[in-house]
Amino acid sequence: MRRTLQLGAGLGLAVSAAALATTPARAAPDQAQTLALLNRVTWGATPASAAEIEAIGPDRWLARQLHPGADDALPPAVQAQIDALPISSEPMAQLVVDLDAQNKAANALTDPDQKKAAQQAYQQAMTATAKQAATREILRDLYSPDQLKEQMTWFWFNHFNVHEYKANIRPMIGDYVDRAIRPHALGRFRDLLEATLKHPAMLRYLDNADNAANHINENYAREIMELHTLGVGAGYSQKDVQELARILTGVGIDTKPDNPHLKPELQGQLIREGLFEFNPARHDYGDKVFLGHVIKGAGFGEVEQALDILARDPATARHVSTQIATYMVSDNPPPALVQRMAASFQHSDGDIAAVLQTLFRSPEFKASLGTRFKDPVHYVISSVRLAYGDRVILNTGPVQNWVGRLAEGFYNHETPDGFAMTSAAWDSPGQMSTRFEIARQIGSGSYGLFKPDQPGAGDHPGFPQLQNALYYQSIAQTLSPPTRNALDQATSAQDWNTLLLSSPEFMRR
Amino acid sequence: MLRRHFIASAAAAFPAIAAGHVWAAPQAKTRLLVVFLRGAYDAANVVIPVGADFYYQSRPTIAVPKPDPANPNSALVLDADWGLHPALKDSIYPLWRQKQIAFVPFAGTDDLTRSHFETQDTIELGQPLQGPRDYGSGFMSRLATQLSGAQPIAFTDQLPLTFRGGGAVPNMSVNVSGKPGIDDRQAKLIEQMYQGQPLATSVSEGFQVRDEVYRSVSAEMVAANRGAVSPKGFELSARRIARLMKTQFNVGFVDVGGWDTHVNQGGAQGYLAGRLGELGRGLAGYADEIGPDDWNNSVVVVISEFGRTFHENGDRGTDHGHGSVYWVMGGKVNGGRMLGRQAAVTQASLNQNRDYPVLTEYRALFGGLFQRLYGLDGARLEAVFPQAPPVDLRLV
């Protein structure tokens, strides 16, 4: 008999009646609870993650997830793959400048056929950079020990969504994830907000790069309030949007090495960090009234002031907490839970880990374990994690294709609202049957996951063994009689894998 | 086969009650397919203002020659002012002669961003331009909720914006090439696992749609084995869609890409002619495959996010413009006519000196069409297209 797990007092997970009803008498119920906790806090349970939580106990494990170390601590084979990606060595600013030059050269060609070919080559080069970013993210989702951080990285990217196929955003994506989002995924919301504001991917995507005094573009100003902070219906007015747009004038992108030509009195106001530029010559220095606050014309300091106001507004605490709870708990998270999370947000001045801790300690969270419908990215990543555990895949292409077929491709949501987090977006008939096809592909072969994306690379075919220790230790207990009955009728190991990955239980986390 | 009917909201489930009178939702009797040409097709080189010298002055290298029976690379006569691209000679032109297709020039949206994404979204959502957008509510979804017996489907990999909101609209690309990987035995076992679960209907309907698509595919394979020429590309998809629309669905959407012709688009021949030929074969194939009886009960509307610059650019292509030309086809369409308000094609009539103006707003056009097709009353039309009074072009 294995040592049974005791979930600590901080968690105090109660076994729900529903869980008991489907739990066979022989099983230790807390193992099912541990499995459910793993499936919610990570990208999907693996034998190794189950062993880790067993070794140190769920409280310490959760504390580690909430406060991971500064280093990624990725397995060496994973780190080596990431280091080998061109985007890991070439700085983003240089990449963007080089690709812009390639585009310019292509457009300068006079022969129409040559021009078309050169433009295609440029597009392909841009796409390659975004695919590398997706590879890096997928490898971390699959193998990083800091699973909550990686999950929240996806969440925050989606919250501050940019679309890779707009303009020249593709070469900016990897840097946006790595430098604007990930470092703050469990940090302070205010820092995250400013990091996204200063990133060229966001400034390009929501057009603030075009926002200048007397040439106002309100797009970003509106979305900051509507999507990123206060939330729609929080009581701000069109006038507030206009005023924030004025505050944001001059916040843009500069790919040129030389500083813009400025009058001497404005030169001290110029800010450049990488491609980010605050250009005082494009800024509206008039006073503004934003959300009832008078903001004196002062350059980029106005932006800092506006972000402080937005980040500390109770509506932001509510909106962000609602979003996190929707992602982590249910389509319609309990209002009382959201209220407590929002209170944590405010008390901690927007400490994301504190908000998550409030969530994890709540009875609503515990009661919801095992019930959240997986969106496609969760579905695919959790399948590959369960199938291969620590065995490192050598090609993320199949994973990118699977999530793309399920219409949740990395960085591929056109509109700033991000992918829907509600189940209705992902459980339509077409979605389900495609999901089962993917279950079969993952369950019955390696499908190119172990064939490096290089000419002449050898494959390592085979199929995964899902009927493993983790299955017997905990997954089996969570299955309903109809699911067990179907599994009993499997005609091969591959068939059994396919059915397990197709089961209603595996659709939820 | 009895399909689950689409019930998107309580509003659709219960008949509307007004002034003490109960009206049931109108029946979705006509089969409606909306074809979205994504990328903004160059309408002026497809439905061509052959009567305007200004057209020939504006497009020195890409213009399609005036109708000339001796020249196979010249435009086909539509009326005194307009001609049709010769790549559509054997597909769309016969439908014009049979008066089963009408063109609506100067059609589109008032959205002037000239951004593909923005304008596609605008059209798919069908909401007023002013005010915040609700990305969770597309106009075809709202249409489906206003009809009883609506069986909507998107023949696309992703559920398009226009079908967002309300109920679960199935989406399935018909570009499948082979047998589904999940076989019948596995499908049955999977359905058993979901019995009594909330997703049971979604799962079984998913297998059903998948099987319907596959049956269409295997029917083609049998035909091909008997020596029939297999259609390719969009024609293949369109014929499959026709079979599914004939038997299972009545509110459909499909998109066709590849129209963003900034560079080297060609004239009577070349890139755009190739795309058009494929589109025309697809649409004619749709009419053929659905059969004469069902074609009489079908309407296909071809739309695009905007037109392109009237003058060709320095790269023998065209850039983002404004007004487009929409197509409305079907057995009972009042075709063989150019419909809607028109303007003389001159420099002075161009919008911002650059492109066609929009004289028929797409929501008014669709509203007028839906009024005639389904008998939607004012309140129901308002629900589909808020603040957009319909324009009756007598399309059907």
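Each residue is numbered by its place in its chain's sequence as written, counting from 1. Written order decides the labels, with chains lettered from A and ligands numbered from 1. Predicted model: local features are reported for residues with pLDDT of at least 70 only, side-chain atom pairs are reported and counted for 80 or more only, and whole-chain, interface and lining totals are derived from all residues. To obtain the side-chain values, all non-hydrogen atoms of the structure were used and water was disregarded.

S.K.: Tell me about the overall build of chain A, and name the residues and values.
M.R.: Comment: elements are numbered from the N terminus, with helices defined as DSSP H or I runs of at least four residues and strands as E runs of at least two. A tally of helices and strands in chain A yields 26 helices and five strands. For the radius of gyration, the atoms used are the C-alpha atoms, and the globule rule reads 2.2 Å times the number of residues raised to 0.38. For a compact globule of 509 residues, the expected C-alpha radius of gyration is about 23 Å, and chain A comes in at 24 Å, within 12% of that figure. Seen through its C-alpha atoms, chain A measures out along the principal axes to roughly 80 × 60 × 40 Å. Relative accessible area decides the class of each residue, using a 1.4 Å probe on protein chains only: under 20% of the type maximum gives buried, over 50% gives exposed, and in between gives partly exposed. Among the 509 residues that make up chain A, the fraction classed as buried is 58%. Summarising the internal contacts of chain A: among those between residues at least 6 apart in sequence, 72% fall at separations of at least 24. When the accessible surface of chain A is summed, it comes to about 19500 Å², and 52% of that surface belongs to carbon and sulfur atoms. Only heavy atoms matter for contacts: two residues are in contact if any of them lie within 4.5 Å across the pair. Note that accessible areas follow from Shrake-Rupley with a 1.4 Å probe, and for residues the cover is restricted to the protein chains shown.

S.K.: How would you explain unusual backbone geometry if you had to name every residue and give the values?
M.R.: Glycine aside, residues mostly have negative phi angles, and peptide bonds mostly take the trans form. Residues and elements named next belong to chain A. For Asn214, which is not glycine, the phi torsion reads 70° and is therefore positive. Along the polypeptide, Asn214 turns up in the loop between helix 12 (200-205) and helix 13 (219-228). Overall, Asn214 belongs to the exposed group, its relative accessible area being 75%. The phi angle at Asp349 is positive, at roughly 55°, despite the residue not being glycine. Mapped onto the fold, Asp349 is located in the loop between helix 18 (335-347) and helix 19 (352-360).

S.K.: Please give an account of the interface of chain B and chain A that cites residues and values.
M.R.: Tallying the contact residues gives 34 residues for chain B and 39 residues for chain A. Note on definitions: buried area is the accessible-area loss of two parts on being combined, 1.4 Å probe, summed for both. The largest per-residue losses of area from chain B upon contact with chain A belong to Phe117, Met193 and Leu199 of chain B, which jointly make up 19% of the total buried on that side. Any carboxyl oxygen of Asp or Glu that lies within 4 Å of a side-chain nitrogen of Lys or Arg is treated as forming a salt bridge with it. One can count three salt bridges joining chain B with chain A. Here Lys115 of chain A makes a salt bridge to Asp315 of chain B, at a shortest N to O gap of 2.2 Å. Pairs of N or O atoms within 3.5 Å make up the polar contacts considered here, provided that, within protein, one atom can donate a hydrogen while the other can accept it, and that residues adjacent in sequence are counted only when both atoms are side-chain atoms. The interface formed by chain B and chain A holds ten residue pairs in polar contact (both at pLDDT 80 or more) in total. For the side of chain B that touches chain A, the elements supplying multiple residues, two or more each, are helix 4 (116-125), helix 6 (184-194) and helix 7 (200-225) of chain B. Sorting elements by how many residues they give to the side of chain B that touches chain A places helix 6 of chain B first, with seven residues. Amino acid classes used here: Ala, Val, Leu, Ile, Met, Phe, Trp, Tyr, Cys and Pro are nonpolar; Asp, Glu, Lys and Arg are charged; the rest, including Gly, are polar. The residue inventory of the side of chain B that touches chain A, partitioned by class, reads 17 nonpolar, nine polar and eight charged.

S.K.: I'd like a rundown of the side chain of Asp375 of chain A, residues and numbers included.
M.R.: All names here are of chain A. Take Asp375: it is sitting in the loop between helix 20 (363-368) and helix 21 (376-388). His is not counted, nor are the chain ends, whereas Lys and Arg count as positive and Asp and Glu as negative. Buried within the structure, Asp375 lacks any salt-bridge partner; its nearest side chain of opposite charge belongs to Arg509, at an N-O separation of 4.7 Å. Not counting chain neighbours up to four residues away, the residues in contact with Asp375 comprise Tyr327, Glu408, Trp426 and Arg435.

S.K.: Just give me the short version of the nonpolar core, but keep the residues and values in it.
M.R.: Among the nonpolar cores identified, the biggest contains 155 residues, and Met152, Trp156, Phe189, Leu244, Ile324, Leu356 and Leu359 of chain A are the most heavily contacted of them. The residues contacting Met152 of chain A, other than those within four sequence positions of it, are Ala185, Leu186, Ile324, Met328, Ile352 and Leu356 of chain A. For the purposes of this section, nonpolar cores are sets of buried Ala, Val, Leu, Ile, Met, Phe, Trp, Tyr and Cys residues that join through side-chain atoms within 4.5 Å. One finds Leu37, Phe103, Phe106 and Ile153 of chain B within the second-largest nonpolar core, a separate group that totals 64 residues.

S.K.: Go over the pattern of salt bridges with me, naming the residues and quoting the values.
M.R.: Going through the model one piece at a time under the given rule, you end up with 50 salt bridges over all chains. Taken together, the salt bridges that share partners define one network made up of Asp72, Arg136, Arg140, Lys149, Glu150, Asp178 and Arg182 of chain A.

S.K.: Got a sec to walk through helix 23 (residues 429-444) of chain A? Specific residues and values, please.
M.R.: To estimate the expected span of a helix, count its residues, drop one, and scale the result by 1.5 Å. Over its 16 residues, helix 23 of chain A runs 23 Å from end to end, which matches the ideal 22 Å to within 8%, given 1.5 Å per residue. Counting buried residues along helix 23 of chain A, 14 of its 16 residues qualify, which places the element largely inside the surrounding structure.

S.K.: How would you explain the sheet that holds strand 5 (residues 76-77) of chain B if you had to name every residue and give the values?
M.R.: Consider a sheet: its strands pair through backbone hydrogen bonds, and that pairing is either parallel or antiparallel. All names here are of chain B. Strand order in the open sheet made by the three strands is 4-6-5, with antiparallel pairing throughout. Each edge of the open sheet is held by one strand with a lone partner, namely strand 4 (47-48) and strand 5. One ladder, built from two bridges, connects strand 5 with strand 6 (residues 83-84); its direction is antiparallel. The partner of Val77 across the bridge, within strand 6, is Gly83. Paired strands, as defined in this entry, are two strands with at least two bridges between them according to DSSP.

S.K.: Hey, could you go over the environment of Tyr220 of chain A for me, with residue numbers and the actual values?
M.R.: Residues and elements named next belong to chain A. Note on placement: Tyr220 falls in helix 13. Residue Tyr220 is classed as buried on the basis of its relative accessible area of 0%. Taking C-alpha positions, Tyr220 is 14 Å from Leu230, a pair spaced ten residues apart along the chain. Apart from residues lying up to four places away in sequence, Tyr220 is in contact with Thr196, Leu197, Met202, Leu203, Leu206, Asn208, His228 and Leu248.

S.K.: Quick rundown of the confidence of the model for chain A? Include the residues and the values.
M.R.: What pLDDT expresses is the predictor's confidence in each residue, scored from 0 to 100. When pLDDT is averaged along chain A, the result is 92, and 94% of the positions lie at 70 or above. Note on residues 1-27 of chain A: pLDDT under 50 across the span, and 45 contacts to partners over four residues away in sequence or across chains.

S.K.: Please provide a residue-by-residue account of the pairing of strand 10 (residues 298-304) of chain B, values included.
M.R.: In summary, the side chains of a regular strand alternate between the two faces of the sheet. Residues and elements named next belong to chain B. With seven of seven residues buried, strand 10 lies mostly within the body of the structure. What you see with strand 10 is no split at all: Ser298, Val300, Val302 and Ser304 on one side and Val299, Val301 and Ile303 on the other are buried throughout. Here seven bridges tie strand 3 (residues 31-37) to strand 10, and the two strands are oriented parallel to one another. Note that in strand 10 the partner of Val35 across the bridge is Val302. As judged from the three bridges shared by strand 10 and strand 11 (residues 324-329), these two strands associate in the antiparallel manner. Paired with Val302 across the strands is Trp327, a residue of strand 11.

S.K.: Run through helix 6 of chain B, naming residues and quoting values.
M.R.: All names here are of chain B. Listed in full, the buried residues belonging to helix 6 are Gln186, Ala187, Leu189, Ile190, Met193 and Tyr194. Considered in projection along helix 6, the buried side chains sweep an arc of 165° and stay on one side of the axis. Turned more than 90 degrees off the buried face of helix 6, the exposed positions are Asp184 and Lys188. A side-chain oxygen of the first residue of helix 6 lies 3.2 Å from the backbone nitrogen of Arg185; this N-cap is Asp183. Each C-beta atom gives one direction from the helix axis, and the arc is the one those directions make.

S.K.: Just give me the short version of the packing of aromatic side chains, but keep the residues and values in it.
M.R.: All names here are of chain A. Aromatic rings from Phe, Tyr and Trp, taking only the six-membered ring of Trp, are treated as a pair when their centres fall within 6.5 Å; an angle between ring planes under 30 degrees marks them as stacked, one over 60 as edge-to-face, and anything in between as tilted. Tallied over the full model, the rule gives 41 aromatic pairs over all chains. Aromatic side chains Tyr388 and Phe450 sit 5.0 Å apart centroid to centroid with 70° between the ring planes, which places their arrangement in the edge-to-face category. With a gap of 62 residues between them, Tyr388 in helix 21 and Phe450 in the loop between helix 23 and helix 24 (469-473) connect regions that are remote in the sequence. Neither Tyr388 nor Phe450 differs from the other in exposure class; each is buried.

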